[in-house]
Amino acid sequence: MDITRRAVTTGALGLLATTAGSNVSRAELGSFLHIGEGMEDFFLATDAYIFGYPLITMEMTRRVITNVAAPVGTRGPMGQIIKLREYPNSSFRDVTAPNADTLYTTAFFDVGKEPWVLSLPDMNDRYALFPLLDGWTTVFQVPGKRTTGTKAQTYAITGPGWKGTLPPGVKEYKSLTSIVWLLGRIYCTGTPEDYAKVHKLQDECRLVPLSAYGKPYTPPPGVVDPSIDMKTAVRDQVNRMDAVAYFTLLCKLMKDNPPAAADAPALARFARIGIVPGQDFDASKLKADFLKRVPEVANDRIMLQFKVNRNIQNVNGFAFTTKTGIYGTDYLMRALVTAIGLGANRPQDAVYPTSLKDADGKKYNGANKYVMRFPRNQLPPVNGFWSLTMYDSNYFFVSNPLNRYSISPRQNLVANPDGSTTLYIQKDSPGKDKESNWLPAPEGDFILMMRLYWPDEDNPTILNGSWKIPGVRRV
């Protein structure tokens, strides 16, 4: 058997993470990596890499999404609202794990110089939410049906250190960073009639700098940077960065996007290797001979969280956490969510159970057929909506004849005679009489993700474990 060094490293990292009394020490892992002196600095560098992963990813995402002269498709200049008019398709690569249940209404904007004012129209009781993420992917506010209702409302998003007076009727939302990402979602059934209704609501959303509020405003055209890679997925661009470039960008970004006060102990440690907020990266404090291994090992540690993070629950083959949106100092969880679901909501707004293997612990593959059966009256309990989405092994949509990327009650699911509901997860049609319940799969490996928007908090709910996801079983 050919055992690669990376496989040995990953296995050793797993032992270190899961077994307090493991015989595998950091010193031994260092020998696997051919690191002698400076081993502690190496692991400190991987800690710093994980710490900065959300901020780096947000910045690279911002660059790609805003690198256009005017809003078009899934992209738009800084400070201009992007209105997705239909669900993303299988060619969409800007964000991992996109959804096909809501129409995104989004924008990146910079509150470092002045606040920006967000005006939302009356949603007429339609389910919608407009989470606001800072540069570290923390959802610092989330206006929407659950929290603020569906009537018209106006907010000023202010940046670090801003002090001033706001116009009457405008409520302040404070961001700890200059980078802000509005990641609005408006529920839509996907029919032409409902698309038209949601498009009207999108067109009534407004985002303007405070200095232009209440005045005629025409946003300036965006500046296109031809050096930005617009084809490679953002996650791949981040993961391919070498350690010096990565830490140089991290230090630069932290000047306008300061870490939270709770991050002070971690930052005190990182200073030893030249990473200090507000200062340029001092590469002379890190050994050059191990820098090339830092991104690889750090990314292995991030993805290992599926197995070892105590805040990730595993139920019938689905792994999920109720620790999204607000992460505190759980930097590994924050990095994992960034890697597989950038822009995740707070758990009260959405929980994302993800399944890499069936109920018997075997990897999903389109060569097989699977079913997911919900007993009578046991469909997911939510106040918003639920869906089950199909992704390929890289968390992107799968091309299929129906252009169906998720399945939910909007497909008019047909119940069985006993009241249960069966979903058919397979490459080929299960038959015309069952196609309403069919989630098409690719030929190769795939991943399933369930979305539970606004989980019910009063009755059986996933938030406290009183409702459990049924497993997906191979036929």
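Residues numbered from 1 in each chain as written. Predicted model: local features only at pLDDT ≥ 70, side-chain atom pairs only at ≥ 80, totals over all residues. Heavy atoms only, no water.

So what exactly am I meant to see when it comes to the side chain of Asn311 here?
Of note, Asn311 is situated in the loop between helix H10 (305-308) and strand E11 (313-315). In this structure Asn311 touches Phe320, Thr321, Thr322, Lys323, Asp330 and Met333, once residues within four positions along its chain are discounted. (Helix = DSSP H or I, 4+ residues; strand = E, 2+ residues; numbered from the N terminus. Contact = heavy atoms within 4.5 Å.)

For this particular structure, what's the right way to read the pattern of salt bridges?
Between side chains of opposite charge, a pair can form as their charged atoms come close. Using the criterion set out here, one finds 22 salt bridges in the structure. With a shortest N-O distance of 2.7 Å, Asp349 and Arg146 are connected by a salt bridge. Here the residue Asp349 occupies a position in the loop between helix H11 (331-341) and strand E13 (350-351), and Arg146 occupies one in the loop between strand E6 (139-141) and strand E7 (153-158), the gap between them amounting to 203 residues. We classify Asp349 as buried; its relative accessible area is 2%. (Salt bridge = Lys/Arg side-chain N within 4 Å of Asp/Glu carboxyl O. Buried < 20%, exposed > 50% of the residue type's maximum accessible area, 1.4 Å probe, protein only.)

Quick question: what am I supposed to make of the nonpolar core here?
Taken as a class, soluble globular proteins show a tendency for nonpolar side chains to be buried jointly. Within the largest apolar cluster, 109 residues are counted, with the highest numbers of intra-cluster contacts made by Ile56, Phe109, Ile157, Trp181, Phe247 and Ile275. Sorting elements by how many residues they give to this core places helix H3 (residues 39-66) first, with 16 residues. Contact partners of Ile275, with chain neighbours within four places excluded, come to Ala48, Phe247, Leu250, Cys251, Met254, Leu267, Phe270 and Phe281. Listed in part, the 25 residues of the second largest apolar core include Met372, Trp386, Met390 and Ile407. (Core = buried A, V, L, I, M, F, W, Y, C linked by side-chain atoms within 4.5 Å.)

Just to check I follow, could you spell out the pairing of strand E20 (residues 446-455) for this structure?
Consecutive side chains along a regular strand alternate between the two faces of the sheet. Burial analysis of E20 places 10 of its 10 residues in the buried class, the great majority of the element. Sheet analysis places E13 next to E20, joined by 2 bridges and oriented antiparallel. Each residue of the ladder has a partner; that of Ala350, found in E20, is Tyr453. Where strand E14 (residues 354-355) meets E20, 2 bridges bridge the pair, whose relative direction is antiparallel. When the sheet's bridge partners are listed, Ser355 is paired in E20 with Leu448. Strand direction decides the pairing type here: strand E16 (residues 382-392) and E20, joined by 9 bridges, are antiparallel. Across the sheet, the residue bridging to Leu388 is Met450, located in E20. (Pairing = 2+ DSSP bridges.)

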